[in-house]
Amino acid sequence: MRTARTAAALVAVIALAAGCSSSGGKDDEDKSGDGGGGGKGVSTPRLKIAMVTHSGEGDTFWDIVQSGAKQAARKDNVEFLYSNDKEAKGQAELVQSAIDKQVDGIVVTLAKPEAMKAVLGKAEAAGIPVVTINSGGEFSADFGALSHIGQDESVAGEAVGDELGKRGKKKVLCVIHEQGNVSLEQRCAGVKKTFKGSVENLNVEGTNAPNAQSSISAKLQATKDIDAVVTLGAPIAALSVKAKEDAGDAASKAEVATFDLNAEVVKRLKAKEVGFAVDQQPYLQGYLAIDELWLYKTNANVLGGGKPVLTGPAVVTEKDVPKLEKYTARGTR
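To keep things clear, this report deals only with the structure shown in the data block. No experiment lies behind these values; they were computed from the predicted model shown.

### Some remarks on the pattern of salt bridges
Taken as a whole and assessed by the stated rule, the structure comprises 15 salt bridges. With a closest N to O distance of 2.5 Å, D279 and R333 form a salt bridge. One end of the pair, D279, is in strand β10 (residues 276-279); the other, R333, is in the segment after α12 (321-329), with 54 residues separating them in the sequence. A cluster of three or more residues bridged by salt bridges with shared partners is formed by E163, R167, K169 and E255.

Here you go:
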């Protein structure tokens, strides 16, 4: 009897251990804890969701957005389709292509909103739910979207204006890397609203790095009293640091600050080549957009209650570098 009881207890322990290893425990934690995939997904029907953005070539911001979207897609049993075009007409055509594919949901940016109005009306007529992210939040509801996920660009600009004032700056150059993008214009307008000194906008071609760097350098050489350069995207921040070096003594007192975060910006924050950055958490924008469409399709949930779901702004300085480095290195911040 004693031998039988011991054997039964051993079988129970083995069964319990087997159950743990297949549904949790250290192995599963190792698989799902890296922020980049792994772990088990849901058992709901497979969905197809398209994301169409206004990204230009080489903009690392959208790599981070996609990273968040792909993680949510893996979890939610979603086939994720990404496409982009910096030209408004091309972006609208990509949305039409997604409609023609009869996708289950569309995530879209509204950098140049008027060009997207008609095609988003077609998505609504086809019964395809839409979530807007990143830009054009004030147009989202009027265009039939479930909600908008991103930061309030005007508020973010105002935060930058306040921070520059605290740092004693007097003359700011605000670099717009995509002309006609309403969100970028709102950021510079927000800076002007709260900054007590003067703010001048400079339009550059963000997808042409040498040309953009040259334009910023020339402006710094020509206007020697500029003491702050505000860039509206992380890749332009790095170009501005180089442009400042090119300008020499004329730009020695100009502090670079930027919207958005990536590994390069964190590196330059650490080296004190960038004074501060404004983080809008692009990973979260991609992740929440896919999650919302999955929730809507499977449970009729809508985030935000008719209001934008804010992912920023947050001012980041060199003091925040230690906690951010590992996340920017893996492409999730």
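### Structural notes on the state of the cysteines
In total, this model carries one disulfide according to the counting rule given. The residue that forms a disulfide with C174 is C188, at a sulfur-sulfur distance of 2.1 Å. The chirality of the disulfide connecting C174 with C188 is left-handed, given an S-S dihedral of about -90°. Of the two residues, C174 sits in strand β6 (residues 171-176) while C188 sits in helix α7 (residues 182-194), which places them 14 residues apart along the sequence. Taken as a pair, C174 and C188 share a single burial class, namely buried.

### A closer look at the environment of A111
Counting through the fold element by element, A111 comes out in the loop between β3 (105-108) and α5 (114-125). Residues A111 and E178, spaced 67 residues apart in sequence, show a C-alpha to C-alpha distance of 9.6 Å. Here A111 is in contact with H54, S135, G180, N181 and V182, once residues within four sequence places are set aside.

### With respect to the layout of surface pockets
The volume enclosed by the largest pocket comes to roughly 630 Å³. Together, 35 residues line the largest pocket, and D59, H177, E178, G206 and T207 are the ones closest to its centre. Elements supplying a minimum of two residues to the lining of the largest pocket: α3 (60-76), α7 and α9 (234-247). A per-element tally of the lining of the largest pocket places α9 first, with five residues. Grouping the constituent residues of the lining of the largest pocket by class yields 10 nonpolar, 15 polar and 10 charged.

### Considering helix α6 (residues 153-166)
Given a rise of 1.5 Å per residue, 14 residues ought to cover 20 Å, and the 20 Å separating the end C-alpha atoms of α6 matches this to within 8%. For α6, the complete set of buried residues consists of E153, A156, G157, V160, G161, E163 and L164. The buried residues of α6 occupy an angular sector of 165° when the element is viewed end-on, so they sit on one face. The inward-facing, buried residues of α6 abut β6, α7, β8 (228-231), β9 (255-259), β10 and β12 (314-316). Looking one or two places after α6, you find G168, whose phi comes out positive at around 75°.

### A word on the packing of α6 against α7
In the contact formed by α6 and α7, the axes pass within 6 Å of each other and the chain directions differ by 40°. Relative to α7, the element α6 is oriented oblique. For the pair α6 and α7, the sense of crossing is right-handed. Of the residues in α7, those touching α6 at E153, S154, G157, E158, V160, G161, D162 and L164 are S183, Q186, R187, G190, V191, K193 and T194. When grouped by side-chain class, the residues that make up the contact of α6 with α7 number three nonpolar, seven polar and five charged.

### Digging into helix α10 (residues 263-270)
Residues of α10 that are buried include every one of V265, V266, R268 and L269, and no others. One face of α10 carries all of its buried residues, which in axial projection span an arc of 165°. What points out from α10, more than 90 degrees from its buried face, is the exposed set K267 and K270. Each element contacted by the buried residues of α10 is listed here: α9, β9, β10, β12 and α12. The opening residue of α10 is N262, an N-cap whose side-chain oxygen sits 3.1 Å from the backbone nitrogen of E264. Looking one or two residues beyond α10, the residue adopting positive phi is K272, at roughly 65°.

Conventions and cut-offs
Sequence order sets the numbering: in each chain, residues are counted from 1 along the sequence as written. Given that this is a predicted model, residues contribute local features only at a pLDDT of at least 70 and side-chain atom pairs are listed and counted only at 80 or more, while totals for whole chains, interfaces and linings are drawn from all residues. The side-chain figures draw on all heavy atoms in the structure; neither hydrogens nor water molecules are used. Should a side-chain nitrogen of Lys or Arg be within 4 Å of a carboxyl oxygen of Asp or Glu, the pair is scored as a salt bridge. Secondary structure follows DSSP: runs of H or I at least 4 residues long count as helices, runs of E at least 2 residues long count as strands, and numbering of each begins at the N terminus. Any two cysteine sulfur atoms lying within 2.5 Å of each other are counted as a disulfide. Buried, partly exposed and exposed residues are distinguished by accessible area as a fraction of the type maximum, computed with a 1.4 Å probe on protein chains only: under 20%, between the cut-offs, and over 50%, respectively. Note on contacts: a residue pair qualifies if any of its non-hydrogen atoms lie within 4.5 Å across the two residues. Using a grid of 1 Å spacing that covers the protein atoms alone, one calls a set of points a cavity when a 1.4 Å probe fits there but cannot get out, and a pocket when the set is open and has protein on both sides within 12 Å along at least five of seven lines; lining residues are those with an atom within 4 Å of a point. Grid points are joined across faces, edges and corners, and a volume is the space filled by probe spheres set on the points. Under the scheme applied here, ten amino acids are nonpolar (Ala, Val, Leu, Ile, Met, Phe, Trp, Tyr, Cys and Pro), four are charged (Asp, Glu, Lys and Arg), and all others, including Gly, are polar. Under the convention used throughout, the expected extent of a helix is 1.5 Å for every residue step, that is, one less than its residue count. This arc describes the spread of directions from the helix axis toward the C-beta atoms. Here an angle of 0 to 180 degrees is reported between the N-to-C directions of two axes, which are lines fitted to C-alpha atoms, with helices fitted over the stretch in contact. Angle categories are assigned with fixed cut-offs, so that under 35 degrees is roughly parallel, over 145 is roughly antiparallel, 65 to 115 is roughly perpendicular, and the rest are oblique. The hand of a helix crossing depends on one turn: near helix anticlockwise from the far one by less than a right angle means left-handed, and clockwise means right-handed. Polar contacts, as counted here, are pairs of nitrogen or oxygen atoms within 3.5 Å of one another; within protein the pair requires one atom able to donate a hydrogen and one able to accept it, and residues that are adjacent in sequence qualify only if both atoms are side-chain atoms.

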